[in-house]
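# Chains, contacts and geometry: an overview
Here is what each chain is made of, one letter per residue.
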Amino acid sequence: MADPAADLFGPDPASDPLAHYSPAEPQADVFRAAQGPIADAWRNLAAGLALQSQGDLAGLQHYIDRQVEDLGLAFRVAGDEEERPWPLNPMPLVISAAEWSGIEAGLAQRAELLERVIADIYGPQDLIRGGHLPAVVVSGSPHFARRMVGLEPPGGRHLNVCSFDLARGPDGEWRVLTDRVRLPVGIGYALENRLALMRSTGGLAGRLGARSHASFFEALRRGLAANCQRADPRLALLTPGRFNQSYPEQAYLARYMGLALVEGRDLAVRDGRLFVRTIAGLKRIDGLWRWINARDIDPLHFDARSRIGVPNLISACEQGLVLANWPGVGVVETRAMPAFLPRLARELLGEPLALPNVATWWCGGEAERKRVLDNFDKLVVSSAFKQQVAGLEDGRTRVGASMSPDERAAIMAGIARRPMDYTAQEIVHLSTTPALADGHFEARGFTLRAFLVRDGDGRWVAMPGGFARISKSGELRTSLMGLGDHSVDVWVIDPEPPESHAEAALPATAIRREEGLLPAQAADNLYWIGRYGERLNQTARAIRALVSHSAGVMARAEGVTATTRLANLLRRWNAAPPASIKWQPIRLAATALDERAQPGSVRQLTGMTHDLALLLRDRLTRDTWRAINRPFPSFDAEDADELVDACDLIVERQAAVARLASDGMSHTAGWRFLDLGMALERASLALQAVRELVPGKASGEDLSALLDLFDCLGLYRSRYLAIPTIAPVLDMVLLDPLQPRGFAYQLAVIDRHLAALPPLRDDGLPETAHLLARNLVASVEAQAAQEIVPATLDGWLGQLAGLSDAISRSYFLQQEGQDSKPPTSFLA
Amino acid sequence: MIYRVSHEIRMRYAKPVADARFNLRLKPVEWPGQAMSDYRLDILPQPAVRADETGPYYLTTTRLEYEADVAELAVSSSFTMAVEPRGHPGPTPAVGELRQLALEVPDLSVLSPAPYLFASRIAAANREIGEWAAQLCPPDTAVLDAALALADRLHGEFTYQPGATDSGTAPIEAFRARNGVCQDFAHVMIMGLRWCGIPAAYASGYLRTIPPPGQEKLVGADAMHAWVTVWCGEQAGWVGIDPTNNCLASGDHILIAMGRDYADVAPIDGTFVGAAPQIMSGGVDVAVIDPA
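Keep in mind it's a predicted model, so treat the numbers as computed, not measured.

## Observations concerning the overall build of chain B
In terms of regular secondary structure, chain B is built from 7 helices and 15 strands. Over its C-alpha trace chain B gives a radius of gyration of 19 Å, about what one expects of a compact globule, namely 19 Å for 292 residues. Seen along its three principal axes, the alpha-carbon backbone of chain B occupies a region of about 60 × 45 × 40 Å. Split into buried and exposed, the 292 residues of chain B put 48% on the buried side. In chain B, the share of contacts with a sequence separation of at least 24, taken over all contacts with a separation of at least 6, comes to 76%.

What follows is the structure in structure tokens.
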């Protein structure tokens, strides 16, 4: 069969961007070593990228970066405050289907072997009693969870998801560097890499026959569901929270796979069953994909200090909860374990390892120790259990030959005292792959991270390709990405793809319209992102009004009171400090806009909105997310025009966020909470604005400022054709049910949302919050504008505060009551 | 010698707390030379769920779950214990030999050496403590002699000072200040022994309150006590050494639990929703009811 890609790009050698690619060691380069149709695939790929970028390969990186940013693809370097965009090189790595099937089979065998080893460690411990695995290799692992001994997981599956780091040696032989079974960090990035490349290379992957990832994630989902107790199980992904290095990845996976994204505090164990606290009460969870280390997962059974776990989760495990991966599996991740796996493969599987791991010696054995000491200069020495040990205090590995005499002595002394803490490995050399750097191809050493999951029948399925990491520094042993590393998508290519693409027939998906469950925590966050968003919008409007009115102060004396009143309003909202009473309006305006130390400043509120958006990444639409993440406008703090422009921009942007959320989110309960927060905040701010701007002798200027805040100055003028006076203004901003920024309108919105939320009571009576809302609606409907006095406004403000409390009591913290704190642990 | 032991723990919360769950680690495990009878554990208020589990280290954990809010918790543990003094365990292997022996025991159970060879949460590896201890543990010294020498040095250099530290103090801080309580002494000794590749565990239990006539009262008898058990080879097994009193743990010591450090055997911990409790003194009484 002819290569379809060859027809598209032609075999013209002049258009081959790889023609001048010259790695230092051609025999150790995956492209140079490729032959026949796979070599053609490489060339077609490079030519395709050149074509896509219209010859500007350097521009391609920029374009990919944009796609990555648009996908919200980010990660954190350990210890970093800010997220960084995920670095993706535009040039994928090509592996032939034939070569890949060898890797896949080898990894499936390895996953099976690890499963058997884990099952023995937490079961009969025959391997230990029989002398095949030293007890110390198990107890030395910080991930050995003695509590789990004797506890069998549902379906006998300790492992559902595994990842492996592999190296391709210069001779073309693949070796396993690391087994990662605790957290498959990178599995979501691999998915997103492909997505970003698909977007920026216009279907090149499909035309070249790269295998897709879709069925892999479906297999994972079905694998998780397979052993759940209920037939239509509810699955959730347990995250440590947004400060985790791979939180963006976790949120993305949850959304992609349709899993509820939950934190420990969302969950509760009752009578051995796991539940999530939702706005509609406790809902059962059947299967949990955890992204939390076992140590932190249950403060009652493991580390009592954990604040991110779920008390008693292990008793839910005893009662049949599917927990992937099972706590304690990390025991096989130690550097000592690969020293035993070749032997264990023969013992447990009756066959040798199909894919070797890096040759490893554990110094706890007398013979092995001697061998290591005799060959010290040819080996890499590392901490057997990844702990700080003498001579390797930073936990890094060291090459024997390159040690100083002091380092060497320290390690030798350490090995004499505590030999079990050390392992040695052969030195691994890496193949290179062509990567794009500044518009041309350069050879870079790489490691491959592969992912395997169990499908519904328990078979191991590999993600076709996974991703590769390339680095200038050559140090590629860290858990995720270091600074300056790049990730590379890996394309498994069938030069002769099977005639019909035999995708496994997927069972028909049950149609549904609800978003699934809404955890109380997520509802709380949505509510507050609505409130903060509206508050920053109104604050920007007030700042804008302040600047505009103060500009006219010299001309019209009555402008002075409007300026003072707007300044008071901004102080009331904590956008400006009390000391600002002596400030020029422009200084106050700049502070209210940009001062981080001021809790009510637009800058600060923007930051809070952004923090909440990070937590809601799985629930906000992509467009909403993008609008929220636009950079804060820059301006000259002494230039009134620039201040007004910045406020205009913020007002417009917030309107866009609100509209994108309302147009894009399904109008289920999650959206209702967001909109509820917005309406409640708008109602409260409206009352506060009236309270500051109207009392005493409100001038026409004061009332104009008020109308300006509600964006209805034009409407007033066209309706009354006169200077604003108090009663008509109050009617317009407070009582008119058709004025969409007005108070009465917000109450109608609040009433509607509360009526539509799922009932929590079983006696058919309305919820407290809804009753309070109805009360307010009635009171406002019966109010005449002429009779509004400050006490009326204060009464309504109090009722609104009571309503907000009732909402949070009913829907957000139903277990704990209002002033609760997260679970605390203590030592007697 | 027959003792009657009672231990009371009371905690009060300023505001009742919800979702209260507790782990109690007060029921004695079996131990050579100890024979227990009449165990009672009284808990007020009555929990909705109460269950005993063994492990994960060498201990019994009693789990409590409350459905109603809890304002105050009162726990009372009492038992009768007959204790036979164990005497000197006899010759033990040299440190260098023991190191390799410990690595080769094909056993992962709670009484095997393997679990107690490595750094644990509180007894983390520490070079300062390690090098201080290593001077007394050369490869050719018998392991029990080395451990006793270490206990002696600890006892000589450190001041026993109740209140100097609390259960949250890191052992290295007590080490640098050269003072602390039994828990700190035990942790420092464990860290020193493990640094040298010698399996060492944290023993938690009680001491007789009133000394025999003519002898001084042992330090640490008014509360729960802690000492160290050292693995001295297959023959001698686990040998208790009390660095606070610079003696072998025998006759006057009643072992309740053994773990890697205090965190494994803390008498009580738990989770709840609400503010932390005020912990009232846990009264311990160890009375001799039959000196035979």
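Still to come is the rest of the account.
## Describing the overall build of chain A
Helix and strand counts for chain A stand at 29 helices and 22 strands. Overall size of chain A, expressed as C-alpha extent along the three principal axes, is 95 × 70 × 60 Å. Going through the 828 residues of chain A one by one, you find that 51% of them count as buried. Taking the intrachain contacts of chain A between residues at least 6 apart in sequence as the baseline, contacts between residues at least 24 apart amount to 70%.

## A short note on unusual backbone geometry
Going from Ala324 of chain A to Asn325 of chain A, the amide bond is cis rather than trans, its omega being -15 degrees. The backbone of Asp711 of chain A sits at a positive phi, close to 60 degrees, despite the residue not being glycine. Phi is positive for Asp19 of chain B, which is not a glycine, with a value near 55 degrees. Relative to the helices and strands, Asp19 of chain B is located in strand β1 (residues 2–24).

## A closer look at the environment of Leu771 of chain A
Residue and element names in this part refer to chain A. Topologically, Leu771 is positioned in helix α28 (residues 768–781). On the basis of neighbour count, Leu771 is assigned to the partly exposed category, with 14 C-beta atoms found within 10 Å. Once the C-alpha coordinates of Leu771 and Ala280 are considered, the two residues, 491 residues apart in sequence, prove to be 18 Å apart.

## Focus: the domain arrangement of chain B
All names here are of chain B. Under the domain assignment used here, chain B contains domain 1 (2–84 + 266–290) and domain 2 (95–265). Contact residues are listed per partner, giving 22 residues for domain 1 and 24 residues for domain 2. Elements that contribute at least two residues to the side of domain 1 that touches domain 2 include exactly β1, β5 (70–83) and β15 (284–290). Looking at the side of domain 1 that touches domain 2 residue by residue, the class counts come to 17 nonpolar, 3 polar and 2 charged.

## Looking at the sheet that holds strand β11 (residues 287–290) of chain A
Residue and element names in this part refer to chain A. If you trace the 4 strands from one edge of the open sheet to the other, you get β7-β6-β11-β12, paired in parallel fashion. The open sheet has two edge strands, β7 (260–262) and β12 (322–324), and neither has a second partner. The mean inter-strand angle of the sheet, taken between neighbouring strand axes irrespective of direction, is 25 degrees. Strand direction decides the pairing type here: strand β6 (residues 235–238) and β7, joined by 3 bridges, are parallel. Counterpart to Leu238 in the pairing with β7 is Val262. Across the sheet, helix α10 (residues 214–226) is in contact with β6, β11 and β12; its angle to β11 comes to roughly 125 degrees.

## Here we look at the pairing of β6 of chain A
Residues and elements named next belong to chain A. Burial along β6 is two-sided: Leu235 and Leu237 and Ala236 and Leu238, pointing in opposite directions, are all buried. Examined bridge by bridge, β6 and β11 share 4 bridges and lie parallel to one another. Of the residues in β11, the one forming a bridge with Leu235 is Gly287. Note that the unit made of β6, helix α11 (residues 247–257) and β7 has a crossover that is right-handed.

## Brief notes about the packing of helix α23 (residues 669–693) of chain A against helix α29 (residues 790–812) of chain A
Residue and element names in this part refer to chain A. Here α23 crosses α29 at 160 degrees, and the two axes come no closer than 10 Å. The orientation of α23 with respect to α29, classified from their angle, is roughly antiparallel. Considering how the two elements wind past one another, α23 and α29 form a crossing that is left-handed. For the pair α23 and α29, contact is made by Leu680, Ala683, Ser684, Leu687, Val690 and Arg691 and by Pro790, Leu793, Trp796, Leu797, Leu800 and Ser804, respectively. In terms of residue class, the contact of α23 with α29 is made up of 9 nonpolar, 2 polar and 1 charged.

## Points about the domain arrangement of chain A
By a widespread convention, an interface's size corresponds to the accessible area lost as its parts come together. Split into domains, chain A comes out as domain 1 (1–213 + 344–353 + 438–497), domain 2 (359–426) and domain 3 (520–812). For domain 2 of chain A versus domain 3 of chain A, the separation of C-alpha centres amounts to 64 Å.

## Topic: the pairing of strand β3 (residues 49–54) of chain B
Moving residue by residue along a regular strand, the side chains alternate between the two faces of the sheet. Residue and element names in this part refer to chain B. For β3, the tally of buried residues reaches only 0 of 6 residues, placing the bulk of the element at the surface. As paired strands, β3 and strand β4 (residues 60–65) are joined by 6 bridges and run antiparallel to one another. Within β4, the position partnered with Val49 by the bridge is Glu65. Between β3 and β4, which follow one another and run antiparallel, lie 5 residues, and Gly55 among them has a positive phi close to 90 degrees.

## Observations regarding the sheet that holds strand β8 (residues 200–207) of chain B
Residues and elements named next belong to chain B. One open sheet holds the 5 strands; their spatial order is β11-β10-β9-β8-β12, and the pairing between them is antiparallel. Each end of this open sheet is capped by a strand with a single partner; those strands are β11 (247–248) and β12 (253–259). In terms of strand pairing, strand β10 (residues 238–242) meets β11 through 2 bridges, oriented antiparallel. Bridge assignment links Asp242 to a residue of β11, and that residue is Cys247. Helix α5 (residues 182–195) rests against β8 and β9 (225–231) of the sheet, and its axis sits at about 15 degrees to β9.

## Section: the nonpolar core
Core analysis: the largest hydrophobic core is formed by 334 residues, its most contacted members being Leu570, Val690 and Leu706 of chain A together with Met189 and Val230 of chain B. Among the elements that make up this core, the one with the highest residue count is helix α17 (residues 520–551) of chain A (15 residues). Ignoring anything within four residues of it in the chain, the contact list for Met189 of chain B reads Leu150, Ala151, Leu154, Ala200, Val228 and Pro243 of chain B.

## Some words on the interface of chain B and chain A
Counting residues at the interface gives 38 residues for chain B and 35 residues for chain A. Mapped by element, the contributors of at least two residues to the side of chain B that touches chain A are β1, α1 (95–104) and β13 (268–273) of chain B. Examining the composition of the side of chain B that touches chain A, we find that 6 residues originate from one element, β13 of chain B, more than from any other.

## Regarding helix α2 (residues 127–134) of chain B
All names here are of chain B. Every buried residue of α2 is listed here: Ile129, Ala133 and Ala134. Each buried residue of α2 lies within a common arc of 130 degrees when the element is viewed along its axis, so the set occupies one face. When the buried face of α2 is taken as reference, the exposed residues oriented beyond 90 degrees from it are Glu128 and Glu131.

## Focus on the confidence of the model for chain A
Predicted coordinates in regions of low pLDDT should not be interpreted in detail. Residue and element names in this part refer to chain A. Summing up the model confidence of chain A, the mean pLDDT is 87 and the portion of residues at 70 or higher is 90%. Confidence, read as mean pLDDT per element, is least for strand β22 (residues 824–827) in chain A (35) and greatest for helix α7 (residues 135–139) (98). Note that residues 474–480 has pLDDT below 50 and, in this model, 11 contacts with residues that lie over four places away or in other chains.

## Regarding helix α24 (residues 700–709) of chain A
Residue and element names in this part refer to chain A. For α24, the buried fraction is high: 9 of the 10 residues fall into the buried class. Considered for burial, the residues of α24 that qualify are Glu701, Asp702, Leu703, Ser704, Ala705, Leu706, Leu707, Asp708 and Leu709. Looking at the residues trailing α24, positive phi occurs at Asp711, about 60 degrees.

## Some remarks on the environment of Ala119 of chain A
All names here are of chain A. Note on placement: Ala119 falls in helix α5 (residues 97–121). On the basis of neighbour counts, which here come to 18 C-beta atoms within 10 Å, the residue Ala119 falls in the partly exposed class. Separated by 288 residues in the primary sequence, Ala119 and Glu407 have C-alpha atoms spaced 39 Å apart. Discounting residues that sit within four places of it in the chain, Ala119 has contacts with Gly156 and His158.

Reading the values: rules and limits
Residues numbered from 1 in each chain as written. Chains lettered and ligands numbered in written order. Predicted model: local features only at pLDDT ≥ 70, side-chain atom pairs only at ≥ 80, totals over all residues. Helix = DSSP H or I, 4+ residues; strand = E, 2+ residues; numbered from the N terminus. Rg over C-alpha atoms; globule rule 2.2 N^0.38 Å. Buried ≥ 20, exposed ≤ 12 C-beta atoms within 10 Å, placed from the backbone. Contact = placed C-beta atoms within 7 Å. Domains from an automatic or database assignment. Nonpolar A, V, L, I, M, F, W, Y, C, P; charged D, E, K, R; others polar. Pairing = 2+ DSSP bridges. Axes fitted to C-alpha atoms, helices over the stretch in contact; angles between N-to-C directions. Right-handed = clockwise from strand over helix to strand, strands pointing away. Parallel < 35°, antiparallel > 145°, perpendicular 65-115°, else oblique. Left-handed = near helix turned anticlockwise from the far one by under 90°. Core = buried A, V, L, I, M, F, W, Y, C linked by C-beta atoms within 7 Å. Arc of directions from axis to C-beta. pLDDT = per-residue confidence, 0-100.

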